[in-house]
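# A look at the structure
The primary structure of each chain is shown beneath.
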Amino acid sequence: MLPAKYRSVLVFFGTFWFYASFSHGSGFRHSTILDPHGKYHLKWRFDRRTITFEIEVETRGYVGFGLSPNGAMALSDIVIGGVTDGRPYLQDYFADAKRKVQRDVQQNYRLEYGRENNTHTVLAFSRDLLTCDTNDKDITESTVRVIWAYHSEDVGPSGPVYHGVNRGRKSMRLLDPGSKPNITSGTDFFNLQSLNVPVPYKDTTYWCQMFKIQKVQQKHHVTRIEPLIQRGHENLVHHILLYQCDSNLNESELDASHECYHPNMPDSFLTCETIVFAWAIGGEGFTYPPHVGLSIGTAIDPVYVLMEVHYDNPALQQGVVDSSGLRLFYTPELRQYDAGVIETGVWVSLYHMLPPGMQEYVSEGHCTRECLQESLGQEMPSGVRVFAVLMHAHLAGRAIRTRHFREQEELQPLSHDEEFDFNFQEFQLLKEERLLLPGDNLITECKYTTKGRQNMTWGGLTTRDEMCLSYLLYYPRVNLARCESLPEINGQLKFIGVKEIQVPVTTWPFMIKSPKKYSNLSFTEAMDKYRWSKKRGKSFNEMVLQLPINVRCSRWGQEEWSIQGTLVSPPEVKSEVKPPSMVCRSASEPHSGGVLLFTLCLTYSVVQACFSL
């Protein structure tokens, strides 16, 4: 038992520490709203080893926060806490495969502080990024599905009561380094905003509208792009993509709006292929590095752009009208470099095909050394520097990485996401800029799941089609728009037994001539007719990855580099480099567990027990 004078000192220090800790809220760099009604606010910050959260929820009961492998409750890592009689509490839980919530034997979440008023509960807690606990989910640079819940009652002796409808999920990148919105007051901006869009009464809608970029008398740089999400629609607007269109379009196309990928949409929408910018739910906008900007106002800059807004309406709300969009800040004070975008990966085509029923299928899109040697060799022999990457696939996508090779040696990936979510896509700012040299080559590797699908999945524009792309933000800008590849078709046809196609080719998709079982079928119908199995699908995948590839190496507009259309062999990868991994702490390694113990000791009911240890 400690002498009374020491107990007094400890209690005083503990109380001082407890209340002083509330002042740290301003140190949270990242924040978002998790629920559609603005009742659940999340803030967080992180360093190399730990992450700290603060949640503010409109309830006087318990609040729950979790990390899920797929957005569902099963196998989730969960923390539940609240404030009772002025005393904060926090427990580390997990959900088993049957969604039953159980208390974790290894308590890895550390309560930092908690408070409650007449309407809200605030809790702050921290944990290691990697805990070595199989019931905890590692926090990495990949996308994570955050789940949340709250209840009007606190946790009782029998555990938390069911939360009911007060729950949800959101995909985020918790370890996104982010970009500071260092925009000075008075900086000019213009909005690209779809006004009064009647959101259809269905689960998913993609809405497109054409705009003309702000007219300026001289060259300017866009330095930051922010989302303009209509208040109350934070969970309705899932992502916004901005595409550069043909600069020779007719002015009459301006402000045309229509559902994207629809048979009746304007033909001009099809000229908008290259992504200029992307934002997704949970994103906080993007600030270009201080030495780089998006150029507007010159002859080679974007004139017309197409904005695509993805509305997610699983509750099938009716009568919703939305006016969301983007705000672009621009300045005549020019940066040192113009930013450019290179589209890399698999050339979007029906020749990119995925068999049905596959737990995992891998596609590779090559930005070949031949393309980079010709384009960068002429435009920028000293190379360009990549500072951000957007990785893009559709609903079957599960993981993407952009691999980088130099002189047959693989470097660390430019970017990677082992838990890709189609509903969460935005440019990822690299921690360090990466030099891309003439003669380097890139491989955009996409992993898919087609389990549950009965027919082939084709490369294409709609969400049920697939893509495998990486968009590289880089400087200085060069005349290279696309650096992609596509596996040649003959080998894919031979795999299913096609012997001859009908020539001359007069229809698309082209028709099969022999054998008889495929006669007069299009090649897509023949592929669907083939009796696929998991074993055949795996063999097909292995074969496709070895096929010669068609090179796409194009300039801006309709121009091409001379290497475009040639057939080359895919590079031989001698060894594979995985993304750098963090090493989790041993459970026995001392860290801030003492702080956790001291926090628990701050309630009067356990003070004596703690001080008598």
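Per-chain numbering applies: the sequence of each chain, read as written, is numbered from 1 onward. pLDDT decides what is reported in this predicted model: residues at 70 or higher carry local features, side-chain atom pairs at 80 or more are listed and counted, and totals for whole chains, interfaces and linings draw on all residues regardless. For side-chain calculations, the full set of non-hydrogen atoms in the structure is used, while hydrogens and water are omitted.

Helix and strand labels come from DSSP, where a helix needs a run of H or I of at least four residues and a strand needs a run of E of at least two; each type is numbered from the N terminus. Along the chain, the regular secondary structure elements total seven helices and 40 strands. Exposed residues in this analysis have more than 50% of their type's maximum accessible area, buried residues have under 20%, and partly exposed residues fall in between, with area computed by a 1.4 Å probe over protein chains only. Going through the 613 residues of the chain one by one, you find that 53% of them count as buried. Once local pairs closer than 6 in sequence are excluded, the contacts in the chain between residues at least 24 apart make up 76%. Summed over its atoms, the accessible surface of the chain is roughly 28,700 Å², and 51% of this surface lies on carbon and sulfur atoms. Note on contacts: a residue pair is in contact if any heavy atoms of the two residues lie within 4.5 Å. Residue burial considers only the protein chains on display, and all accessible areas are found by Shrake-Rupley using a 1.4 Å probe.

Our focus in this paragraph is a positive patch on the surface. By definition, no residue in a patch forms a salt bridge, and every one has over 30% relative accessible area; like charges are joined within 9 Å, nonpolar side chains (Val, Leu, Ile, Met, Phe, Trp, Tyr) within 5 Å. Salt bridges are identified by distance alone: a Lys or Arg side-chain nitrogen within 4 Å of an Asp or Glu carboxyl oxygen. Counting rule applied: Lys, Arg positive; Asp, Glu negative; His and chain ends not counted. For this purpose, a charge sits on NZ of Lys, CZ of Arg, CG of Asp or CD of Glu. A cluster of like positive charges, contributed by Lys517, Lys529, Arg531 and Arg536, occupies part of the molecular surface. Looking at the element boundaries, arginine 531 is found in the loop between helix H4 (523-529) and helix H5 (534-544). Taking relative accessible area as the criterion, arginine 531 reaches 70% and is therefore assigned exposed.

Spatially, the six strands line up as an open sheet ordered E7-E6-E5-E4-E10-E11, and their pairing is antiparallel. Edge positions in the sheet fall to strand E7 (101-103) and strand E11 (167-172), since each has one partner strand and no second. Adjacent strand axes in the sheet meet at a mean angle of 25 degrees when their direction is disregarded. Relative to strand E5 (residues 77-84), strand E4 (residues 63-68) runs antiparallel, the two sharing five bridges. From the neighbouring strand, leucine 67 faces E5, where its bridge partner is aspartate 77. Strand pairing is assigned whenever DSSP identifies at least 2 bridges connecting the two strands. Fitting a line to C-alpha atoms yields each axis, with helices limited to the stretch in contact; the angle taken between N-to-C directions then spans 0 to 180 degrees.

Moving on, we get to the sheet that holds strand E1 (residues 30-33). Pairing in this open sheet of five strands is antiparallel, and the strands run E1-E2-E3-E9-E8 from one edge to the other. Looking at which strands have only one partner, the edges of the open sheet turn out to be E1 and strand E8 (110-116). The mean inter-strand angle of the sheet, taken between neighbouring strand axes irrespective of direction, is 15 degrees. Of the pairings in the sheet, the one linking E1 to strand E2 (residues 40-46) comprises four bridges and is antiparallel in character. Among the inter-strand pairings, histidine 30 is bridged to a residue of E2, identified as tryptophan 44.

Okay, the nonpolar core next. The criterion is simple. A nonpolar core is a set of buried Ala, Val, Leu, Ile, Met, Phe, Trp, Tyr and Cys residues joined through side-chain atoms within 4.5 Å. Of all hydrophobic cores here, the largest spans 112 residues; its most connected members are Phe387, Phe427 and Phe523. Among the elements that line this core, the one with the most residues is strand E28 (residues 384-392), at seven residues. If you count residues domain by domain, this core takes at least three from each of domain 2 (188-468) and domain 3 (489-547). Domain limits in this description derive from either an automatic procedure or a database domain assignment.

So, on to H5. If you check which residues of H5 are buried, you get Gly537, Phe540, Asn541 and Val544. Considered in projection along H5, the buried side chains sweep an arc of 100 degrees and stay on one side of the axis. Counted as exposed and oriented over 90 degrees from the buried face of H5: Lys535 and Lys538. Of the surrounding elements, those touching the buried residues of H5 are strand E26 (353-354), strand E27 (361-367), strand E36 (482-487) and helix H3 (489-495). The arc in question is the one traced by the directions running from the helix axis out to the C-beta atoms.

What follows concerns the side chain of histidine 404. Here histidine 404 shows up in strand E29 (residues 397-406). Within 3.5 Å is the distance limit for a polar contact, defined as a pair of N or O atoms, with the added protein rule that one can donate a hydrogen and the other accept it, and that residues adjacent in sequence qualify only through two side-chain atoms. For histidine 404, the side chain forms a polar contact with the side chain of aspartate 440, separated by 2.9 Å. Not counting residues within four places of it along the chain, the set of residues in contact with histidine 404 comprises Glu409, Glu410, Leu411, Gln412, Arg434, Leu435, Leu436, Asp440, Asn441 and Leu442.

We now examine unusual backbone geometry. Peptide bonds are trans in most cases, and residues, glycine excluded, mostly fall at negative phi. Going from valine 503 to proline 504, the amide bond is cis rather than trans, its omega being 0 degrees. With respect to the helices, strands and loops of the structure, proline 504 is situated in the loop between strand E37 (500-501) and strand E38 (512-514). For the bond running from tryptophan 508 to proline 509, omega is 0 degrees, close enough to zero to count as cis. With respect to the helices and strands, the residue proline 509 is situated in the loop between E37 and E38. Here leucine 75, not a glycine, exhibits a phi torsion of approximately 65 degrees, which is positive. The residue leucine 75 is located in the loop between E4 and E5 in this model.

Attention now goes to the confidence of the model for the chain. One number per residue, pLDDT, summarises how confident the predictor is, and it ranges from 0 to 100. Taken as a whole, the chain shows an average pLDDT of 87; of its residues, 89% reach a score of 70 or greater. Scored below 50 in pLDDT, residues 4-25 makes 28 contacts in the model with residues more than four places away or belonging to other chains. Scored below 50 in pLDDT, residues 586-613 makes 35 contacts in the model with residues more than four places away or belonging to other chains.

Bringing the pattern of salt bridges into the picture now. For the structure shown, the criterion picks out 23 salt bridges. Residues arginine 224 and glutamate 226 are paired through a salt bridge, measuring 2.7 Å at the closest nitrogen-oxygen approach. Among the residues examined, glutamate 226 registers a relative accessible area of 22% and is labelled partly exposed. Three or more residues joined by partner-sharing salt bridges are found here, namely Arg401, Arg403, Glu410, Glu445 and Glu576.

Two rings from Phe, Tyr or Trp (for Trp, the six-membered ring) form a pair when their centres sit within 6.5 Å of each other. Planes less than 30 degrees apart are called stacked, planes more than 60 degrees apart edge-to-face, and all others tilted. Applying the stated criterion to the full structure yields 28 aromatic pairs. Centre to centre, the rings of tyrosine 109 and phenylalanine 125 are 6.0 Å apart; their planes meet at 70 degrees, and the pair counts as edge-to-face. Taken as a pair, tyrosine 109 in the loop between E7 and E8 and phenylalanine 125 in strand E9 (residues 121-128) lie far apart in primary sequence, 16 residues in all. Owing to a relative accessible area of 4%, tyrosine 109 belongs among the buried residues under this scheme. When its relative accessible area of 1% is taken as the criterion, phenylalanine 125 is described as buried.

A cluster of nonpolar side chains, namely Leu270, Val348 and Leu461, defines an oily patch on the protein surface of about 230 Å² accessible area. Here valine 348 shows up in the loop between strand E25 (340-346) and E26.

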